[in-house]
Structures are given as C-alpha cells and as structure tokens.
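# Chain and residue survey
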Amino acid sequence: MKLDSSKIYLILILILAFSLRFYHLGQNPPSLDWDEASLGYNAYSLLKTHKDEFGRPWPISLRSFEDYKPAVYSYLMIPGIWIFGLTEFAVRLPSAVLGVFTVVAAYFLVREFFNKKIALIASLFLAISPWHLQFSRVAFESNASLFFVVSGLWCYLKGLRSGRWLILSAILLVLSFYTYHSPRLVVPLILLGWTYYFRKQLMPSKKYIAVGIFVALIFLIPFFKEAFGEGKARLSSVTVLTPQGRLDESIKLIEYDQKDSGPLGKVFHNRRIIYLFAVFKGYLDHFNMDFLFFKGDAPDRHHARDMGMLYVWDGIFILIGILVLIRKRWGFPLFWWLLCAGSASAITTGTPHAVRALLFLPVYQIFSAVGLVYLFKRTVSKSIAGKFIITSIIIFLFGVNIFYYLDMYYIQTPIEASKDWQYGYKQAITAIEPFNDSIDKIIITYAYDQPHVFLLFYEKIDPVWYQSQCKNDPVLRDNRTFGKYVFRKINWVHDQQLTNTILVGTPDEIPEGVVGKIVDIPFLDGKIALRVVKR
C-alpha cells in the first residue's frame, strides 16, 4: 500500500518531535525539581504499596507539599518506574510520550478546521515549539492535561458529524480535570462557547450528548467530592482572590475615601473591584510581548534563557493568521479558545505563568500556520527564481531563530539555570551515602526548598517505612524530620557544636575552610551550591 505524501510528512514530523523530546531526556533539564521528585516518589510508593507517601490508598490527588497535586501523572509514571526504576528518565517519560501524542492530536484537530497542508504545518510548529518542548521534557502535569484537552476537543469536532465521538470527548476532557488544575476552568468555558456556536450541528446528536454528559458526571463524582474538600488547598495557596493583603488594602483606601473623597472612591476601592482589576491584569499579562517572544515568565525552569515562549517569527505569522481568520467560518472557535486559555492562570499569582497557561497551545501554532500559508500564497511569484528567493528568506529566518533556541536550551540554559532546578541535592545525597550507617544525624538545608523529597527519591526510601513515620504528621515547609534526617536552615553558630553529624548547607550557611569538610558541590556554572561537612 502506497503512502500519500501527507502521511510521509506527518511521520517525519513525529520523528522530529520524538527526537527533540527524548534526546538526553534524563539529563536535561540538569536536575529534577521538587515537584518532579515528589510525583516520582509518589508513583514509586503507589507501585510498591498502592498508597501515596502519606499512606492514602489510590488517591485522586497527592498531598505532597500540602498542595494536593492531581494524581494522574503519578499513575502514568508507574509502568516506566516498574521498567526503568526510579530514575529521572522514568519520571519524565510520560510527559515526553504525551508530548509526541499531542503533536499527533493537534494534526487531526487542525484537519477538522482546515486542509492537510495547514494541519501539517501547525503540527510541525507544535513539534518544535519552545513552549511545548519545555514542558514535554519535564514531569509537569500541565503537559499531560494538554494532551487530554487537545484530544478531547478533536473528538468534540468529530462529534459534529458522528455523535458517538462526543462520548469519547467527554471522557478525555474529564481526564484533563484529574490531570491538572487549569482545564477545570478553561475547558468548561471553551465548551460553553463552542456548544453555542455549533448548536445546529449538535442538534441531531442529542442522544449522544445526553450520554456524554451522564458519563462525564459519573466520572466527576470523585472530583467534586475532593474539590470541595482537600482540593481547596491548592486554589487557596495560589489565587489572587484571597482576603490576605488585598482586603487590607481595600479597607485602607476606603478609609482614606471616607475622609477626603466622595462615594465614588468607595466604589473604586471596593474589594470586589480590586479583585476584578487583579484578575484582569493577570489575564492581560499573558499577552505581554516579553512573555511571548523575548523573556518568558519569571521562573527559569519554564523556558530557555533569553527566549520567550514562542519564536520571534511566530509573532509575524500569528498576526497574519488572526487577520485572515477574522473573516473565516472557523475563526470563532479558535478565537474563543484563545480568549479562554488564560482564564485559569489569570486568577492566580505570579502572572504570566507558562505552566498554568499551557492551554494556549496549539492555538498559536494554528494561527501561525494559517499566516504562513496565506503569506506564501500572496507573496511568492510564479517564477522559479521568485519562489526560491522568498522560500530561502523564510527558511533562513526560521533556521536562525530555531538554532538559537536549540543552543540556548540544550547548551546554555542547563549551565546558567541549574540553581533553579535545585541542582546539587542529588550530588549531596550521593556524598553522604557512605556515612549513613555511622552517623547519628544528618541535617540538610532548606535554602533551596523541599530537600526531603530528593532524599526520598534518590535514596529510594522504603515507602512502607516512610508512611509509618509521616502518615499523620503536618507538612512543615521549612522544618521536617524523619529517622536521622533533619531538614531546616543551618545555624552554623549552634550547629558547629554538634558531634557525629553531617551538615549539608549553602556557602552562606557553612563558611569556607571549616574542619571536616567532605566536599563542595558546585552548580553547573561553577558557583558553590552546597557544602557537605562532618562534625
């Protein structure tokens, strides 16, 4: 059977997507961050004991750092950990696999909107997207949820012609709720707009819509039970819609208004207006040019150094694509998706936030593909020489930006951003291993946050033992203890008096030249990360 050219191109795109996501997957980024290590250890605990680290059997969310992470990603890790062991590669494997699958799903989704050419270009742009690559190579739940959302929306569009697909769409979109937080707001908003827009096409499929809603509600029962209980912890820890700080500010401003202003001031400084402005600002932050094309967001874990979440050339084609689609039939569903994608991130702190706003993909890549195809049709002359010149210019611009990104991601960023990835804890744990049996106490600094989870992960601490130690203990962010291990800031004036103890601290906590130094552990840029000392 002869393959048509579009299938060959799609296979080549998938090979490229696979290569970019799996090359040095366990080594770059240069270290697990605390969330990756937590998800990995919980998967290991579930594999060994069918319980999470705190002894909760088959949970739908992980208590972790009292942030109650959705548990689906840890379940997806279990086969890889069973095969490869508790390693960085096994932890990141599901994200890389689902990253490739998302490229496939994006192709079929775009085919429902446009022709094969635009679908292939959009899937190619997603395959090489800095934003998507960043999170396809780390164990972040948002990347897994993106696969379920894109696949679910593709099935929704298929359901406009054959209602049976709507049932599968409901299942996939519900799975996204159990995988990450953002879809819980973004997906209902997308469905609200799409269902109104496609209401005539959906009318013949009332039976399948009813079945899909029923199936979704059944699957969502555990989610709703948790959402109004422990699940509130995550939202309360990151949302801007909390009284702390903002309510105090509102009261203070209203008091000023009562003294020196009329009733209008009370309206503007009402806490509801303050919350509204905070959300609106957070929403608009995600359309900031620095965020999209030049700098990315604040954490260096979320992007390559000196790179935005998209390529610079994306901006040109996205703008053209938007202008083209304003007049097209398929414009509204994509514009509605774009408008909804930042809603969940907008109500949180730290905006713009690349992880919480990942559902902007693959909309930007679709706009970019439409823009490129339109520009090429309108500007390329019929002469062979004209086509060659224009094509060469486009390839050159693409190549410069892409190779710059690849250099920054694979070579420069691991060195410059190793501190942001909590690099050094693994090496410190390796350094103290020979002393485990002879030392009374091991104190590890909390300066880089959550060190206990790295010990659990790299030492492969028996989950049964750990559950017995910490099952009912409160999770204290900066002071934890189990067994002979203590996790807190180092107080050198006091701690240097300890005996038969190993201290792991920063250079600011443990001075240079102390007696008993075992090793200095540098970041990849050469600066000292941790100092290991035996007292």
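Preceding this section is the structure that the text describes.
Just so you know, these numbers come straight off a predicted model, no measurement behind them.

## Brief notes about the packing of aromatic side chains
- On inspection of all chains with the given rule, the structure shows 48 aromatic pairs.
- Seen from their ring centres, F482 and Y485 are 6.0 Å apart, and the 55° between their planes marks the pair as tilted.
- On the accessibility criterion, Y485 (10% relative accessible area) is buried.
- Through a chain of ring-to-ring contacts, three or more aromatic side chains come together here, namely Y23, F125, Y311, W313, F317, F398, Y405, Y409 and Y410.
- Sitting over the ring of F54, R63 keeps its end group 4.2 Å from the ring centre.
- The side chain of R301 reaches across the aromatic face of W34, ending 5.3 Å from its centre.

## Describing a positive patch on the surface
- On the surface, a cluster of positive charge is made up of K117, R327, K328, K377 and R378.
- Assignment of secondary structure puts R327 in the loop between α17 (312-325) and α18 (331-341).

## Some details on empty space enclosed by the protein
- Scanning all chains against the criterion turns up three cavities of 30 Å³ or more.
- Forming the boundary of the second largest cavity are N28, P29, P30, Q134, Y409, T413, P414, A417 and W421.

## Points about the sheet that holds strand β3 (residues 441-444)
- An order of β4-β5-β3-β6-β8-β7 is seen for the six strands of this open sheet, with the pairing classed as mixed. Looking at the sheet topology across the chains shown, the edges are occupied by β4 (480-482) and β7 (517-522). Within the sheet, the average angular offset between the axes of one strand and its neighbour, ignoring direction, is 10°.
- Pairing analysis gives three bridges linking β3 to strand β5 (residues 485-487), with the strands arranged parallel.

## Notes on the pattern of salt bridges
- Applying the stated rule across the entire model yields 16 salt bridges.
- R161 is paired through a salt bridge with E112; the nearest N and O atoms lie 2.7 Å apart. Placement of the pair is R161 in the loop between α7 (141-159) and α8 (164-179) and E112 in helix α4 (residues 88-113), with a sequence separation of 49 residues.
- Overall, the relative accessible area of 61% leaves R161 in the exposed class.
- In this structure E112 comes out as buried when scored by relative accessible area, which is 15%.
- The partner of D495 in a salt bridge is R488, and the shortest N-O contact between them spans 2.8 Å. Summarising the burial analysis for this pair, D495 and R488 share the class buried.

## Focus: the packing of helix α3 (residues 72-84) against α4
- Taken N-terminus to C-terminus, the directions of α3 and α4 make an angle of 120°; their axes are 8 Å apart at the nearest point. One way to sum up the angle between α3 and α4 is to call them oblique. Crossing of α3 over α4 shows right-handed handedness. Where α3 approaches α4, its residues Y73, L76, M77, G80, I81 and F84 are matched on the opposing element by F89, A90, V91, R92, L93, P94, S95 and L98.

## What about α3?
- Under the 1.5 Å per step criterion, the end-to-end length of α3 is 19 Å for 13 residues, consistent within 8% with the ideal 18 Å.
- Along α3, the residues classified as buried are V72, Y73, S74, M77, I78, G80 and I81.
- Where α3 is buried, its residues meet α2 (34-49), β1 (61-62), β2 (69-70), α4, α7 and α8.
- The positive-phi residue at the C-terminal boundary of α3 is G85, with phi of around 90°.

What counts as what
Residues numbered from 1 in each chain as written. Predicted model: local features only at pLDDT ≥ 70, side-chain atom pairs only at ≥ 80, totals over all residues. Heavy atoms only, no water. Phe/Tyr/Trp six-rings, centres within 6.5 Å; stacked < 30°, edge-to-face > 60°. Buried < 20%, exposed > 50% of the residue type's maximum accessible area, 1.4 Å probe, protein only. Lys NZ or Arg CZ within 6 Å of the ring centre and 35° of its normal. Patch = residues over 30% accessible without salt bridge, like charges linked within 9 Å, V, L, I, M, F, W, Y side chains within 5 Å. Areas by Shrake-Rupley, 256 points an atom, 1.4 Å probe, with all protein chains shown as cover. Salt bridge = Lys/Arg side-chain N within 4 Å of Asp/Glu carboxyl O. Lys, Arg positive; Asp, Glu negative; His and termini not counted. Charge placed at Lys NZ, Arg CZ, Asp CG, Glu CD. Helix = DSSP H or I, 4+ residues; strand = E, 2+ residues; numbered from the N terminus. 1 Å grid on protein atoms, 1.4 Å probe; cavity = no way out; pocket = protein on both sides within 12 Å on 5 of 7 lines; lining within 4 Å. Points joined across faces, edges and corners; volume = space filled by probe spheres on them. Pairing = 2+ DSSP bridges. Axes fitted to C-alpha atoms, helices over the stretch in contact; angles between N-to-C directions. Parallel < 35°, antiparallel > 145°, perpendicular 65-115°, else oblique. Left-handed = near helix turned anticlockwise from the far one by under 90°. Contact = heavy atoms within 4.5 Å. Expected span 1.5 Å × (residues − 1).

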